[in-house]
Amino acid sequence: MVTHVPAEAHGDERGALLSFVEAQRGAIRRSVLQLTEEQAASCPSASELSLSGLLKHVAEMELNWLRMAQRKPNERQRSEETWGDSFRLVGGETIDATLTFWDSVSKETEEFVRSVPSLDDTFPLPPAPWFPKDGRVSMRWLLLHLVEEIARHAGHADIIRESLDGKGAFDLVALEQGGGPGA
C-alpha cells in the first residue's frame, strides 16, 4: 500500500476497518486518473480486465455485499447472462457515472456499518457451492472481506495502469495530490 491509513481512535475497530476499506477504494479510483474512457476500457495485458471494468465490478460487488448485510434485494443483481457486463461499461455508462455510483455505495456502506449495534452481528450467506450450508458472517467479516476483494482488484488495476502508461501506484498518489513522484 502506498498511502498511510491513519490509526483509529483508541478502541475504534469499526473506524479502523472502514479506513482500510477506503484506502483500497482509493487505489482503484486513482487507477483511472487522467485517462480517457477508451484508455480505461482497454485491455493491455493477456487478461480481459480493464480499469473501467474493474471500477464497475468493485462498485457492484460492494453493493451486493451491502445488500446481503442489510437483508435487502440488490437492485443491480447480476444473472449468469449479465455477469460479464459487471466487468465492462455498457450502454453509455461512463467512468464519472461509475465513480458517482460507487461514492453513493461507499457512503451507504459506512452509514450502515456505523449503525449496526455490533460488529459481531451476523447475516446469512446466500446458497452457493463456495459458501457453507446455512452459513453466516459477521459485520467484521464483511469489512475484512471488502478489504480483501478491493485490494485484490487494486493489484489488478496497478498492473493494467502500468501497462497503459507506465504510471505506478506511487505516481498516481502523487498525481492525485497534484505533484510528481516524491511531491
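Keep in mind that this is a model prediction, so the values were computed, not measured. (Residues numbered from 1 in each chain as written. Predicted model: local features only at pLDDT ≥ 70, side-chain atom pairs only at ≥ 80, totals over all residues. Heavy atoms only, no water.)

J.: Give a description of helix H1 (residues 13-30) that names residues and reports values.
T.: Here H1 spans 26 Å end to end across 18 residues, near enough to the 26 Å set by a 1.5 Å rise per residue. Of all 18 residues in H1, 14 are buried, a share of seventy percent or more. (Helix = DSSP H or I, 4+ residues; strand = E, 2+ residues; numbered from the N terminus. Expected span 1.5 Å × (residues − 1). Buried < 20%, exposed > 50% of the residue type's maximum accessible area, 1.4 Å probe, protein only.)

J.: Give a detailed account of the packing of helix H3 (residues 51-70) against helix H4 (residues 95-115), specifying residues and quantitative values.
T.: Interhelical geometry of H3 versus H4 gives an angle of 25° and a closest axis separation of 9 Å. Regarding the angle of H3 to H4, the classification is roughly parallel. Two packed elements cross with a definite hand, and for H3 against H4 that hand is left-handed. Contacts from Ser52, Leu55, Lys56, Val58, Ala59, Glu60, Glu62, Leu63, Leu66, Arg67, Ala69 and Gln70 in H3 reach Ile95, Thr98, Leu99, Phe101, Trp102, Val105, Ser106, Glu108, Thr109 and Phe112 in H4. (Axes fitted to C-alpha atoms, helices over the stretch in contact; angles between N-to-C directions. Parallel < 35°, antiparallel > 145°, perpendicular 65-115°, else oblique. Left-handed = near helix turned anticlockwise from the far one by under 90°. Contact = heavy atoms within 4.5 Å.)

J.: With reference to specific residues and values, describe the packing of H1 against helix H5 (residues 139-165).
T.: The interhelical angle for the contact between H1 and H5, taken along N-to-C directions, is 20°, at an axis separation of 8 Å. The orientation of H1 with respect to H5, classified from their angle, is roughly parallel. Remark: the crossing between H1 and H5 carries left-handed chirality. For the pair H1 and H5, contact is made by Glu13, Leu17, Leu18, Phe20, Val21, Gln24, Arg25, Ala27, Ile28 and Arg30 and by Arg140, Leu143, Leu144, Leu146, Val147, Ile150, Ala151, His153, Ala154 and Arg161, respectively. Of the residues contributing to the contact of H1 with H5, the split by class is 13 nonpolar, 2 polar and 5 charged. (Nonpolar A, V, L, I, M, F, W, Y, C, P; charged D, E, K, R; others polar.)

J.: I'd like to hear about the side chain of Arg14, residue by residue, with values.
T.: You can see Arg14 is positioned in helix H1. Here Arg14 is buried and forms no salt bridge, its nearest opposite-charge partner Asp12 lying at an N-O distance of 5.8 Å. Non-local contacts of Arg14, meaning those with residues more than four positions away in its chain, are made with Val113, Arg114, Val116, Pro117, Ser118 and Leu119. (Lys, Arg positive; Asp, Glu negative; His and termini not counted. Salt bridge = Lys/Arg side-chain N within 4 Å of Asp/Glu carboxyl O.)

J.: Give me unusual backbone geometry: which residues, what numbers.
T.: Of note in this structure, Gln34 is not a glycine but carries a positive phi near 60°. Within the secondary structure, Gln34 sits in the loop between H1 and helix H2 (37-41).

J.: Describe in detail the pattern of salt bridges, supporting the description with residues and values.
T.: Scanning the model with the defined rule gives 20 salt bridges in all. Between Glu60 and Arg76 there is a salt bridge; the shortest N-O distance is 3.9 Å. Placement of the pair is Glu60 in helix H3 and Arg76 in the loop between H3 and H4, with a sequence separation of 16 residues. Across the salt bridge formed by Glu75 and Arg67, the nearest N and O atoms sit 2.9 Å from each other.

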